[in-house]
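Architecture at a glance
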Amino acid sequence: MAKYPEYKTLDLPSREKEILQFWEEQHIFEESISSRDGKPPFTFYEGPPSANGLPGIHHVMSRAIKDIFCRYKTLKGFQVKRKGGWDTHGLPIEIAVEKTLGIRKEDIGKKISVEDYNKECRREVMKYKEAWEDLTRKMGYWVDLEHPYITYENKYIETCWWLLKQFYEKELLYKGYTIQPYSPAAGTGLSSHELNMPGAYRNIKDTSVVAQFKIVLNDDAKRILNVVPKEEVYLLAWTTTPWTLPSNSALAVGKDITYIKVDTFNPYTHDRVAVVLAEAVKEKYFPEKYSSIPFEEYEQGIVKNVPYKITDHILGKNLKGLKYEQLLPYVQPQGKAFEVIIGDFVSTEDGTGIVHIAPTFGADDFRAAKQSGIAPILVRDENGNDVPLVDKTGRFVKEVTDFAGEFVREEYLTHEEKEAERKKQGGDKYLSVDERIAIKLKKENKAFKVEKYEHSYPHCWRTDKPILYYPLDSWFIRTTAKKERLVELNKNINWKPESTGTGRFGNWLENLVDWNLSRSRFWGIPLPVWRTEDTKEEKCIGSIEELKSEIQKSISAGFMDTSHLEHIDAMRDDFDLHRPYVDNIILVSPAGKKMVREKDLIDVWFDSGSMPYAQFHFPFENKEAFQKSFPADFIAEGVDQTRGWFFTLHAIAGMLFDSIAFKNVVSNGLVLDKEGNKMSKRLGNAADPFETIEKYGADATRWYMLTNSQPWDNLKFNEEGIKEGQRKFFSTLYNTYAFFALYANIDGFTYKEKEVPLAQRPEIDRWILSELNSLIRFADENYNDYEPTKVARAIQDFVSDHLSNWYVRLCRRRFWKGDYTEDKISAYQTLYTCLETVALLMSPVAPFYAERIFKDLNNATGKIKWKSVHIADFPQYNSKYVDKNLEERMELAQKISSMVLSLRKKANIRVRQPLQKILLPATDNDFVNNVTAMKELILAEVNVKELEFIPDDSDILVKKIKPNFRVLGKKAGNKMKEITSLIGTFSQKEIAQLEQKQKLDVQVSGEAIMLLPEDIEITYDHIPGREVASDGRVTVALETTITEKLHEEGIAREFVNRVQNIRKDKGFEVTDHISVVVKKHPRLTPSVLANKVYICAEILAASLSFTDNISESDSVPVELDDDISTLIKISKA
RNA sequence: AGGCAAGUAGCUCAGUGGUAGAGCGUCCGUCUGAUACGCGGAGGGUCAAAAGUUCAAUUCUUUUUUUGCCUACCA
């Protein structure tokens, strides 16, 4: 006959290894998909990890979340395909390779060929593939790693090219420039990563200038600034980089900042001027103490301090549109310029509250100017390209006549160069460009203040020289053109938590800038754009086929030879769409000119954002498969991906397909160490996922991570928490199963009997089934709502509080006492159903142990046709089983039992000692009915013989009254405080009156208010002369008198307990019958004899006798009470 | 600097416009033929701070503050 396996210990890690073997041998994962053939699909996209680093514990977290919902949806009957993937490009890989080879970026192409370098990258990126696969397996994450998509494969790249061409054709892909950190000395742009290296930011002293920009006094200006005759008005703006002043083309103010117009003198030229600056910075330039100096005294040279007078206040937004004269007119702009604009970044922290805007040399400047339609200052170089006033070596162009060919920062000059310059200048000391600009401005009444200013400024880590912010060519996706649509589409995405979608992601979309795709690296997807040298003609290639035909043309034009053609085949090993191969391809333009590829690679985020299409090699293959699985139903990654993968998926889908890419997204928080610090290998506080799983098991780890905090909250990872979950949940569940298995095996229960109808099951069974069905419903709703934490916590509470510590505890005897009756079968069926259902409900979160229990149960009964819990169907909620009233009644019974036990404790009477009676005030009919229904259960639980109600109007009850704030508050309003204190003074008589008449008139602040029963809450305070326990509306008193008869029963119970212990110690089977011989004892013998039938039934005794002579060697000494000791001898009957 | 989130008992977390809870830990006690991986009890809180709205705020609003993440790094 089929048996339920019994285990010596829980040992989760061992159980998991067995299950893992079972899954693999039986191909359960594959079957969980194939068994759903023809069912509706549920689409999941796997965000590809990069295998060039070892997986961490946080990966267990994010992958557990992915796994949970895929498993859940499978149980719900969906077909959930999940293709794994690998992210293979990107800077971290290149840097790792550079480190391994001991080279730098500039060595690539010199010390090592691009071809060999990329070979290294290709190897590097899969360095830890095995470790990743191992973790995936061990943690129980089901994803298809047999057929993953890999971003470096030709097919994958081809789809990306196709996508880029779609952008290109919609005129959403263009070449432009942005302001980026640039090192003129090294001749290269710097990544933000390089700028964040320690030591990159250093303090340097710069010449700072507050420049005077002369306002053009047209009618508007006169009106806005209240200009008086002969007044000349200047805007004051501060800069620490005077060399950018020739490139100034706008001034920015804050729209809500208040500005003042000040009548004063220029401290260098002593000219009378009116200057505008933020009121908040006035003290810095115009100390209060100078305000009283008469202007004449300064003019006459009597005082040196500059006097001033505030003549007007203007709000920033009113300054918008004012025109001013160009400060240093070397080069004229092509378009609107020299206007006051609004900048959201303007502050009054330093400077003047007016910001000098040089669109070619500042990121904020560039953006603000673009928004306001302000033109940058550019010159045309010999190639006919527009370039800024400073060239790529860091020198002024010739158009800046006074400083033509000079380095803008003195740090770029060598010692010798400086010396030569000094001689040319004719001074004692070399004067930098900044200093000479300052001098020039001073002379021309254009500088208001010049001083040295020390600040932190980024430096190039290679050359140690300060960087410049410089416009560099880049390819962009014009995301701003589709901004509104992307915002709109985002509203159809269900974000967990919602705030990430509306806040972090929503704000990001609102403030979208064009997506800079360019990366000047080697290992990545090459930008498929070819251009003629004069940039007049260009071509974007969208497929290998197209590339082939273009090469054909190029061969015809004589730019390439035919040998190139034979390689062009995605299936060939020697064909590769990476650099350097694509760089060697020269195409021909329609006009017959040579075209070479733009050197850039594309942002790796484009790779991963393309995965919905590229994983299927769409549109070249699998069109149908793609269409069926787009958009995804569900994705999940860390919240740090908001601007990464989440965005690129959204941008590509929204801009090219006018669709969202995913319907539901869970963004989980970080995993921190137990102190709340970020985990890092350097600090040595990073938890090793392999060790953790080996030690505690994947289930306990997963369970802990999901029950401890919501996925989107940060998790303070603490091994103690895993242990707690093991104890509280897994051990309890294991014990419950072990209990079931022990007795079911003895009784041969295999669920062969007909289902005992609900109505014929005892109340306790109906209760746990009601709780179980409530749990099914709750779990289903919350899984469906992507709330795994709520589900797992609810399952845990059910198992530990309801199932183990109440149902099983109360039902123990039903399992091991008596014959195989309907009641016993009902108990088995009920407990079996609970265990089986719990296994199903928990299986998404704890897939291993759920499988163990499911198999152990199902192998014995064959009740469910599926061989795995993960292929079975989600439990069906049945409202017929739910009886909320019963659930409440049981809660009441638990409460009363607990209160009686606490009274026993107070009186120091152990539970084995039976007591006569408990007394309960009869609050109302419902209460009486509910308690009466639970009477037997309560009495058995607390070992008391009777339960009696005290009539509510009985004199012995003392009542307590307090307002029902919720109800009375609405009625009484601002008299609440008074009423509360009035009610507090009520006597027993007044309470009784209120109860009898169902109302009570009271006076509050001279106003009559009628108190009704619903306005107040009456509870029982105490019962004079008795120990009582109160909890909310329930009060219990316990009769603690122990009669002789009760005492004897107590002794009998103690006796049973001792014998049971001896049985257990001796290793008897629970079914063994025994003979018992006891040494006579005057206090014990009568008690035992009086309860002999009961005792013999409990301990399965065939005989029970007393004797005077018993040898100590084959008997056991026991102590039954403080003054009762004896010897007991038991043997198998 | 901006955005988002969090701040409740020693720890981990629930919760609510009506006078604050659980688990763990601590201390005391105790049961058990599934279970010391249990059970009962005690102690422990200005619900981060302040102001406002309200009869009533831990809860709503504003400000401040601490922590974490993301973005930016600037005249």
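This one's a predicted model, so the numbers in the text were calculated from it and none came from an experiment.

1. Remarks on the environment of Leu236
Here Leu236 shows up in strand 6 (residues 233-239). With 141 residues separating them along the chain, Leu236 and Ile377 place their C-alpha atoms 20 Å apart. Beyond its immediate sequence surroundings of up to four residues, Leu236 is in contact with Val210, Ala211, Gln212, Val275, Val276, Leu277, Thr352, Ile354 and Phe448.

2. Focus on the protein's contact with RNA strand B
Neighbouring RNA strand B are 58 residues; Trp238, Ser731, Arg912, Phe965 and Arg1063 lie closest to it. In the interface set of RNA strand B, defined as its atoms within 4 Å of the protein, sugar plus phosphate atoms amount to 58%. Arg793 places a side-chain nitrogen or oxygen 3.0 Å from a sugar or linking oxygen of RNA strand B. Elements with a minimum of two residues in the surface near RNA strand B: strand 6, strand 12 (354-357), helix 17 (498-510), helix 25 (719-747), helix 27 (788-816), helix 30 (884-907), helix 33 (965-972) and helix 36 (1044-1066). Per-class residue counts for the surface near RNA strand B are 13 nonpolar, 24 polar and 21 charged.

3. Looking at the packing of helix 27 against helix 28 (residues 822-842)
Any two packed helices are characterised by how steeply their axes cross, that is the angle between the axes, and by the distance between the axes. Viewed as axis vectors pointing N to C, helix 27 and helix 28 meet at an angle of 160 degrees, and their least axial separation amounts to 11 Å. Judged on the interaxial angle alone, helix 28 and helix 27 are roughly antiparallel. In terms of crossing hand, the pair formed by helix 27 and helix 28 is left-handed. For the pair helix 27 and helix 28, contact is made by Ile795, Phe798, Val799, Leu803, Tyr807, Val808, Arg814, Phe815 and Trp816 and by Asp823, Lys824, Ser826, Ala827, Tyr828, Thr830, Leu831, Cys834, Leu835, Val838, Leu841 and Met842, respectively. In terms of residue class, the contact of helix 27 with helix 28 is built from 16 nonpolar, two polar and three charged.

4. A short note on the pairing of strand 6
Counting buried residues in strand 6 gives seven out of seven residues, a clear majority hidden from the surface. Here strand 6 shows a buried face lined by Val233, Leu235, Ala237 and Thr239 and a second buried face lined by Tyr234, Leu236 and Trp238. The pairing of strand 5 (residues 201-214) with strand 6 spans six bridges and is antiparallel. Its bridge partner being in strand 6, Phe213 is matched across the sheet by Leu235.

5. Notes on the packing of aromatic side chains
Applying the stated rule across the entire model yields 65 aromatic pairs. Geometrically, the ring pair formed by Trp243 and Phe361 is edge-to-face, given 5.0 Å between the ring centres and 70 degrees between the ring planes. Residue Trp243 is located in the loop between strand 6 and strand 7 (250-253), and its partner Phe361 is located in the loop between strand 12 and helix 13 (363-372); the two are separated by 118 residues in the primary sequence. For the pair Trp243 and Phe361, a shared accessibility class is recorded, and that class is buried.

6. Quick look at the packing of helix 25 against helix 28
Where helix 25 contacts helix 28, the two axes come as close as 11 Å, and the packing angle between them is 145 degrees. In terms of crossing hand, the pair formed by helix 25 and helix 28 is left-handed. Only Lys824, Tyr828, Leu831, Tyr832, Leu835, Val838 and Met842 of helix 28 make contact with helix 25, whose side of the interface consists of Phe729, Phe730, Leu733, Thr736, Tyr737, Phe739, Phe740, Tyr743, Ala744 and Asp747.

7. Structural notes on the sheet that holds strand 4 (residues 188-189)
Read across the open sheet, the four strands follow the order 4-3-16-18; overall the sheet is antiparallel. Edge positions in the sheet fall to strand 4 and strand 18 (515-516), since each of these pairs with one other strand and no more. Both strand 3 (residues 173-183) and strand 4 contribute to a ladder of two bridges, which runs antiparallel. Bridged to Ser183 within strand 4 is Thr188.

8. Quick word on the environment of Phe286
With respect to the helices and strands, Phe286 occurs in the loop between helix 10 (282-285) and helix 11 (295-299). Between the C-alpha atoms of Phe286 and Glu451, which are 165 residues apart in sequence, the distance is 16 Å. Beyond its immediate sequence surroundings of up to four residues, Phe286 is in contact with Val262, Thr264, Val275, Leu277, Tyr308 and Phe448.

Quick notes on the rules
- Residues numbered from 1 in each chain as written.
- Chains lettered and ligands numbered in written order.
- Predicted model: local features only at pLDDT ≥ 70, side-chain atom pairs only at ≥ 80, totals over all residues.
- Heavy atoms only, no water.
- Helix = DSSP H or I, 4+ residues; strand = E, 2+ residues; numbered from the N terminus.
- Contact = heavy atoms within 4.5 Å.
- Near = heavy atom within 4 Å.
- Polar contact = N/O pair within 3.5 Å; in protein donor to acceptor, adjacent residues only side chain to side chain.
- Nonpolar A, V, L, I, M, F, W, Y, C, P; charged D, E, K, R; others polar.
- Axes fitted to C-alpha atoms, helices over the stretch in contact; angles between N-to-C directions.
- Parallel < 35°, antiparallel > 145°, perpendicular 65-115°, else oblique.
- Left-handed = near helix turned anticlockwise from the far one by under 90°.
- Buried < 20%, exposed > 50% of the residue type's maximum accessible area, 1.4 Å probe, protein only.
- Pairing = 2+ DSSP bridges.
- Phe/Tyr/Trp six-rings, centres within 6.5 Å; stacked < 30°, edge-to-face > 60°.

Note that every value here comes from positions in space, so none of it alone points to a role or purpose.
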